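Survey of secondary and tertiary structure
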Amino acid sequence: MAKHQFQTEVGQLLHLMTHSLYSNKEIFIRELVSNASDAIDKLNYLKLTDEKMKAALPEDWTGTINIKLDEQDKSITISDNGVGMNEEDLIASIGTIAKSGTKSFVEALTGDAKKDSNLIGQFGVGFYSVFMVADKVDVISKKAGEETAYKWSSNGTGEYDLTPCVKDGIGTVIYIKLKDDEVEDYTSKYRVETIVKKYSNHIAYPIFLNYSEEVTEELSEEDKKAGKEPKKTIENKREKANEATALWMQPKSKLKDEEYNDFYKSISHDSQDPMVTIHTKAEGVNEYTTLFYIPKTAPMDMYRADYQPGVKLYVKRVFITDDEKELLPTYLRFVRGIIDSEDLPLNVSREILQENRILANIKQGSVKKILGEIKKLAKDEEKYKEFIAQYNRPLKEGAYQDFTNKELILDLLRYKSTKTELGEMTSLAKYKENADSEQKAIYYIIGDNEKVLRSSPLLEAYKKNDIEVLICDDKEIDEIITPGLQAYQEWEFKDITSCEAPKVEQTEEAKKEVEEKFESITKKIKDILGEEVKEVKITNRLSESPSCVTKDAGDAQMAQMMQMMRAMGQEMPLGAPILEINPDHEIVKKLNGCADDEMIADVSWVLLDQAKLSEGMDITDTVAFAQRLSRITAKAL
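Per-chain numbering applies: the sequence of each chain, read as written, is numbered from 1 onward. Side-chain atom pairs in this predicted model are given and counted only at pLDDT of 80 or more, local residue features only at pLDDT of at least 70, and totals for whole chains, interfaces and linings cover all residues. Computation of side-chain values covers all heavy atoms of the structure but excludes hydrogens and water.

So, the overall build of the protein chain
Counted only if it meets this: Going along the chain from the N terminus, every DSSP run of H or I of four or more residues is numbered as a helix, and every run of E of two or more is numbered as a strand. Exposure classes here rest on a 1.4 Å probe applied to the protein chains alone. A residue is buried below 20% of its type maximum, exposed above 50%, and partly exposed in between. The contact definition used throughout considers only heavy atoms, calling two residues in contact when any of these lie within 4.5 Å.
Scanning the protein chain from N- to C-terminus turns up 25 helices and 22 strands. Counting every position in the protein chain, which comprises 637 residues, the buried fraction comes to 49%. Partitioning the intrachain contacts of the protein chain with sequence separation of at least 6 by distance along the chain shows that 72% fall at a separation of at least 24.

As for the nonpolar core
For clarity, the cut-off: The criterion is simple. A nonpolar core is a set of buried Ala, Val, Leu, Ile, Met, Phe, Trp, Tyr and Cys residues joined through side-chain atoms within 4.5 Å.
Membership of the largest hydrophobic core comes to 69 residues, with the highest contact counts inside it found for Tyr384, Phe387 and Tyr443. The element contributing the most residues to this core is helix H13 (residues 357–377), with seven residues. Excluding residues within four positions of it along the chain, phenylalanine 387 makes contact with Met275, Ile294, Phe334, Ile374, Leu377, Asn392 and Leu395. Met85, Tyr128, Ala144 and Ile174 belong to the second-largest nonpolar core, a separate cluster that totals 50 residues.

Notes on the packing of aromatic side chains
Between two aromatic rings, the relevant description is the distance of the centres plus the angle of the planes. Heads up, the condition is: For this analysis, a ring pair means two rings from Phe, Tyr or Trp (six-membered ring only for Trp) whose centres lie within 6.5 Å, classed as stacked if their planes differ by under 30 degrees, edge-to-face if by over 60, and tilted for the remaining angles. By definition, being over a ring means that NZ of Lys or CZ of Arg is both within 6 Å of the ring centre and within 35 degrees of the ring normal.
According to the stated counting rule, one finds twelve aromatic pairs in the structure shown. Ring centres 5.2 Å apart and planes at 80° place the aromatic pair phenylalanine 28 and tyrosine 186 in the edge-to-face group. Taken as a pair, phenylalanine 28 in helix H2 (residues 27–49) and tyrosine 186 in helix H8 (residues 183–186) lie far apart in primary sequence, 158 residues in all. Per residue, the accessibility class of phenylalanine 28 equals that of tyrosine 186, and both read buried. Between the aromatic rings of phenylalanine 127 and tryptophan 152, the centroid separation amounts to 5.6 Å while the plane-to-plane angle is 80°, which identifies the pairing as edge-to-face. Of this pair, phenylalanine 127 sits in the loop between helix H7 (113–117) and strand S4 (134–142) while tryptophan 152 sits in strand S5 (residues 149–154); the two residues are 25 residues apart in sequence, bridging distant segments of the chain. Look at tryptophan 152 and you get buried, because its relative accessible area is 0%. Three or more aromatic residues link up through ring pairs in this structure, and these residues are Phe127, Phe131, Trp152 and Tyr160. In this arrangement the basic side chain of lysine 325 is found over the ring face of tyrosine 307, its NZ or CZ atom lying 4.2 Å from the centre.

Comments concerning the pairing of strand S19 (residues 491–495)
Here is the rule: By this definition, two strands are paired if DSSP reports at least two bridges between them.
Burial of S19 is one-sided: the residues Trp491, Phe493 and Asp495 facing one way are buried, the residues Glu492 and Lys494 facing the other way are not. Pairing of strand S16 (residues 441–446) with S19 involves four bridges; the strand directions are parallel. Within S19, the residue paired with tyrosine 444 across the bridge is aspartate 495. Where strand S18 (residues 487–488) lies against S19, two bridges are found, and the strand directions are antiparallel. Within the sheet, the bridge partner assigned to alanine 487 lies in S19 and is glutamate 492.

Remarks on the sheet that holds strand S13 (residues 318–321)
For the record, the criterion: Lines fitted to C-alpha atoms define the axes, with helix axes restricted to the stretch in contact, and inter-axis angles between N-to-C directions lie between 0 and 180 degrees.
Read from one edge of the open sheet, five strands run S10-S11-S14-S12-S13, paired in mixed fashion. Two strands in the sheet have a free side with no partner beyond their single neighbour: strand S10 (276–282) and S13. Ignoring strand direction, the axes of neighbouring strands in this sheet form an average angle of 20°. Taken together, the five bridges between strand S12 (residues 311–315) and strand S14 (residues 336–341) define a ladder with parallel strand orientation. Along S14, the bridge assignment pairs lysine 312 with isoleucine 338. Along the sheet, helix H11 (residues 257–268) makes contact with S10, strand S11 (288–294) and S14, crossing S11 at roughly 80°. The strands touched by H13 within the sheet are S10, S11, S12 and S14, with S11 carrying the most contacts at an inclination of about 40°.

A few points about H2
What counts, and what does not: What a helix is expected to span follows from its residue count: subtract one and scale by 1.5 Å.
Under the 1.5 Å per step criterion, the end-to-end length of H2 is 33 Å for 23 residues, consistent within 8% with the ideal 33 Å. Within H2, 17 of the 23 residues are buried, which leaves the element mostly enclosed by the surrounding structure.

Let's talk about the packing of helix H24 (residues 597–614) against helix H25 (residues 622–636)
Cut-off, in case you're wondering: For this classification, under 35 degrees means roughly parallel, over 145 means roughly antiparallel, 65 to 115 means roughly perpendicular, and everything else is oblique. Should the near helix be turned counterclockwise from the far one by less than a right angle, the crossing is left-handed, whereas a clockwise turn marks it as right-handed.
Between H24 and H25, the least distance of the axes is 9 Å, while the angle of their chain directions is 125°. With respect to H25, the axis of H24 lies oblique. Where H24 crosses over H25, the two elements pack in a sense that is left-handed. Across the interface between the two elements, Glu598, Met599, Asp602, Val603, Trp605, Val606, Asp609, Gln610 and Leu613 from H24 touch Phe625, Arg628, Leu629, Arg631, Ile632 and Lys635 from H25.

Observations regarding the side chain of asparagine 86
Filter applied, for reference: Whenever a nitrogen or oxygen atom comes within 3.5 Å of another N or O atom, the pair is scored as a polar contact, on the condition that within protein one atom can donate a hydrogen and the other can accept it, and that pairs from neighbouring residues in sequence are kept only if both atoms are in side chains.
Mapping asparagine 86 onto the fold places it in the loop between strand S3 (75–80) and helix H4 (87–94). What makes asparagine 86 buried here is its relative accessible area of 12%. Engagement of the side chain of asparagine 86 in a polar contact is seen with the backbone nitrogen of aspartate 89, the distance being 2.9 Å.

A few points about empty space enclosed by the protein
Filter applied, for reference: Only protein atoms enter the calculation, which uses a 1 Å grid: trapped sets of points that fit a 1.4 Å probe without letting it out are cavities, open sets showing protein on both sides within 12 Å along at least five of seven lines are pockets, and any residue with an atom within 4 Å of a point is a lining residue. Grid points are joined across faces, edges and corners, and a volume is the space filled by probe spheres set on the points. Residues are sorted three ways: Asp, Glu, Lys and Arg are charged, Ala, Val, Leu, Ile, Met, Phe, Trp, Tyr, Cys and Pro are nonpolar, and all the rest, Gly among them, are polar.
Under the defined criterion, the tally for this structure stands at four cavities of 30 Å³ or more. Space inside the largest cavity adds up to approximately 140 Å³. The wall of the largest cavity is formed by 14 residues, among which Ser37, Ile203, Ile267, Lys312 and Tyr314 lie closest to the centre. Where the lining of the largest cavity is concerned, the elements lending two or more residues are H2, H11 and S12. Tallying contributions element by element places H2 first for the lining of the largest cavity, with four residues. Classifying every residue of the lining of the largest cavity by side-chain character gives seven nonpolar, four polar and three charged.

In structure tokens:
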């Protein structure tokens, strides 16, 4: 008998399963039945596309799942006649983190047993949920096309046994020796049947319950009068427990919300009902059916490069793949559901999928349908707030990536702005509607702290002129995407850190006069700050603050490129900002007439550093900043 150690993270998970996550133990049946269905899906596909497999399987082969309940033995057994596993598959699927997603699961744990148990399945760790109810688990499996079967055994501690064994047919048998306090629940026909109907009613293959029942003999009237005692015998029974139909192929008019929701939970491993359900049957050039769901809560792996796609592809009800990221664009990676095509060939390969014209048409139609349903959802402000809280960020990616649907996606986006309260958001359509008739641009400011952005000196001129500015406080994505949006309904997006300030009541002559008056001090400040600033100039964009930092249009494009490089792990130095000083501010007026070179130097650095701090930027030397403030304060006192 070969003994193997679980990987460290799997051991951690098993400890959690057996000691902590007890709030929703019944889902182990959902997870094991779902795994069995996937195994049958894979063999069904091979039967139709692989000549060797077609020859090896009986002509009348059909996928079935069996659940055997044995109260005397204190066990429940779940078996399938699917593709099966060999030794390598068992180690990879059950003992290794690369397949299980265990590390992601452990990282997502909150410490709340109820919430944590709802994560089971979302990271592919569903098999391990069996250890919430099991003293010991045996997995006996024989892979299609192979002669040797293997038995995997574990009691949920740090190791497992794996040995060759004998098994008649292909597929997998999972024998679960129940803990004493779980026997009553999970050997009860009524209880298990209820669980199957709740989670797996629309699994496409029949699920049979196998159980023993005591049957009392029916006596005739003569026997009763004669005082004969009825015999009691134990009968073995087998009953189908699920509908076993492809729910997405049924007419919408015949389906209830509860059925849609239960099916969603079975394919998504989510414990909540979905936020939106989208069921479509398309006929015409291409015939296909789609059933899409938008989860209430964004999937845990939505921002991981190795995220698991949420859409399964079927051809004429035959499962093809659930691992194809090309079925929907990446910005809709949160969508869960089914695509079932009548036109694709059954032996379609992954390479053909990526270039197939039929699938491209299905993808295009599906995207329009999903975005259209999101637009309908936007009519309900409260529900749409919930949607935006989860999915505004991937939609921003869509506005940047999907040129065909850009305008529709821009309509769906929501932004914080200088004219919304904290926690509230506005649309671009509303921004345009509220703007002055002479305004022909959408102004925005980018940073990573909403409160800092709202108090930025750069906003002073816009507030004075009653111009709304969008607050883009998700810097990591906004710095890349917002400049690339270019325009919305012919209104150009403009970054207020790099564009001219809005109109001010100042003639060109007056502006030139002020610049000449402060020419000497701006040159002196530039000499003091050196390479720390690109330029020092007088500004008319400030009314209350003494200084601010901006960048020119060329530097703004470079900042976008640098942000993209940093996102790829390559650090790049930021370009020097432009320092703009307010000629009407008392500090700048006094500095212009100052003869103390040390004071001019200290104030010049403070003007730069406080302007940077106001924009949430890092300053070069915090110790020197504190020392300069101390010197200036001492002289002022």
